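A closer look at the structure
For reference, the chains in residue letters:
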Amino acid sequence: MFDKGAAGVKKGLFGDFLIAGEIIIIGLAAAAHLSAIVLGWSFGRCALVFAGLVCAALAGGAGVLLFRWIHSGKRFFGGEDRIFALRNPGRTEGCLYAVFALICLSQLIFICMGDTNYREGDMTVETVGSFLASDALYQVNPMTGFPYTQGIPSRLKILCLPTLYASLARMTGLSPAAVVWKVIPVIIFVSSYAAFTLLSFSLFPETADDSYREKRAFFMTIVSLLVWVGAYQPGMDGFQLLCGGWMGVTIRNLVLLPWLLSLCLRKKWFLAALCIPAEACIVWTLYGCGVCLPFLLCMGILQGCRGMRGLREKKGGRQNLHDDMRLD
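Note that the structure is a prediction, hence the values are computed from the model and not measured.

It is worth spelling out helix H10 (residues 211-229) at this point. Across its 19 residues, H10 extends 27 Å between first and last C-alpha, which sits within 8% of the 27 Å expected from 1.5 Å per residue. When H10 is considered as a whole, its buried residues turn out to be Tyr212, Arg213, Arg216, Ala217, Phe219, Met220, Thr221, Val223, Ser224 and Val227.

Dropping the structure here:
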């Protein structure tokens, strides 16, 4: 399944670009944030550095895409190498995707309009607002409006998401509440379903018949239903996605982990390794190494054991063939 899945995921390349781009932005925000913490920059200078890094990354990415487009015979967005592939779905597949689309639409409306009590107990908006108002990082207590007397723990101070959100608010002119409660959750919502779509491509590679398409549609429909089912209680993945899409743990659990599993199944180890520093920048954990690192190590060990078993079976088959030839 691992070897055959690569061809079936080619059309899902857009999801890889989307999530990898978000990880790069998180990394750039972490670089600007840590520089400001260590060197004592103001928030304005930190946001300016972050904006410059993003512009440089966008220019570099555009150059890479242009290079690939030219050297692929100008078929990067068409022909066999196209990112999007529109095909007429079967009846069952079409019904499943219709249900999936309705569920996603209802969830998107809930994210944009919902105002849960969970939001009222979160301090992210206040922290982002304090960065903008004081022009400094973690210098003013967002709950009191006065400077910290003893500071905050370093394990929290190194996380870059508040700086990223505050920089986006400054660059776009949106309020901290709009960025944290509306813009970011929608982006994470789309990224999460993109990650699960890539996972469905890896789990159900293309076959001679069209059964894999129905399996993928069924998988995505079940995922969307489980998101709604899990929205009833804090701590559940569905609740995190629909009510706390700005949190680092949500990004880790519902974007990085499914994407990481998809990458491991496709043996894209370099992209998979990017999930480790991304988690370190957005989630602090008592276990130090987080979740992505042991997950990647376990998948690597399983893949290595499977490869060694395949080599032994291949070697044994060759030996049996050689023995048969000697007997003849």
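Before going further, it helps to examine the pattern of salt bridges. Enumeration according to the criterion identifies four salt bridges in this entry. Among the salt bridges present, the one from Arg266 reaches Asp16, with a minimum N-O distance of 2.8 Å. Residue Arg266 is found in the loop between helix H12 (248-265) and helix H13 (269-282), and its partner Asp16 is found in helix H2 (residues 13-39); the two are separated by 250 residues along the sequence. Both residues of the pair, Arg266 and Asp16, count as buried. Residue Glu93 is joined to Arg213 by a salt bridge in which the shortest nitrogen-to-oxygen separation is 3.2 Å. You can see Glu93 sitting in helix H4 (residues 91-113) and its partner Arg213 sitting in helix H10, a full 120 residues away along the chain.

Tracing the backbone shows Thr250 in helix H12. Taking the relative accessible area as the measure of exposure, Thr250 reaches 0% and is therefore buried. Within the structure, Thr250 has its side chain in polar contact with the backbone oxygen of Gly244 (distance 2.8 Å). Among all residues touching Thr250, those that are not within four sequence positions of it are Ile188, Gln240, Leu241, Gly244, Gly245 and Val255.

By secondary structure assignment, the location of Thr172 is in helix H8 (residues 161-172). Of note is the side chain of Thr172, whose polar atom sits 3.4 Å from the backbone nitrogen of Leu174.

This part is about the nonpolar core. It is characteristic of soluble globular proteins that their nonpolar side chains tend to be buried jointly. Residues Tyr165, Tyr193, Ile251, Leu256, Trp259, Leu260 and Ile282 are the most contacted members of the largest nonpolar core, which totals 70 residues. Residue contributions to this core peak at eleven residues, all from helix H9 (residues 176-203). Setting aside anything within four residues of it in sequence, one finds Tyr165 in contact with Thr124, Val128, Val179, Val180, Ile184, Trp246 and Ile251.

On inspection of all chains with the given rule, the structure shows seven aromatic pairs. Ring geometry for Phe204 versus Phe219: centroids 6.2 Å apart, planes at 65°, classification edge-to-face. Taken as a pair, Phe204 in the loop between H9 and H10 and Phe219 in helix H10 lie far apart in primary sequence, 15 residues in all. Accessibility expressed as a relative area gives 19% for Phe219, which makes it buried. Taken together through their ring pairs, the aromatic side chains of Tyr97, Phe100, Phe189 and Tyr193 make up a single cluster.

The full count for this structure, using the stated rule, is zero disulfides. Cys281 forms no disulfide, and the closest cysteine sulfur to it belongs to Cys160, at a distance of 5.1 Å. Using a relative accessible area of 18% as the deciding quantity, one classes Cys281 as buried.

As for its position among the elements, Ser224 is in helix H10. Residue Ser224 is classed as buried on the basis of its relative accessible area of 0%. Sequence separation of Ser224 and Gln107 is 117 residues, and the distance between their C-alpha atoms is 8.8 Å. Ignoring any residue separated from it by four or fewer positions in sequence, one finds Ser224 in contact with Phe100, Ile103, Gln107 and Tyr193. Polar side-chain contacts of Ser224 include one of 2.7 Å to the backbone oxygen of Thr221.

The rules behind each value
- Residues numbered from 1 in each chain as written.
- Predicted model: local features only at pLDDT ≥ 70, side-chain atom pairs only at ≥ 80, totals over all residues.
- Heavy atoms only, no water.
- Helix = DSSP H or I, 4+ residues; strand = E, 2+ residues; numbered from the N terminus.
- Expected span 1.5 Å × (residues − 1).
- Buried < 20%, exposed > 50% of the residue type's maximum accessible area, 1.4 Å probe, protein only.
- Salt bridge = Lys/Arg side-chain N within 4 Å of Asp/Glu carboxyl O.
- Polar contact = N/O pair within 3.5 Å; in protein donor to acceptor, adjacent residues only side chain to side chain.
- Contact = heavy atoms within 4.5 Å.
- Core = buried A, V, L, I, M, F, W, Y, C linked by side-chain atoms within 4.5 Å.
- Phe/Tyr/Trp six-rings, centres within 6.5 Å; stacked < 30°, edge-to-face > 60°.
- Disulfide = S-S within 2.5 Å.

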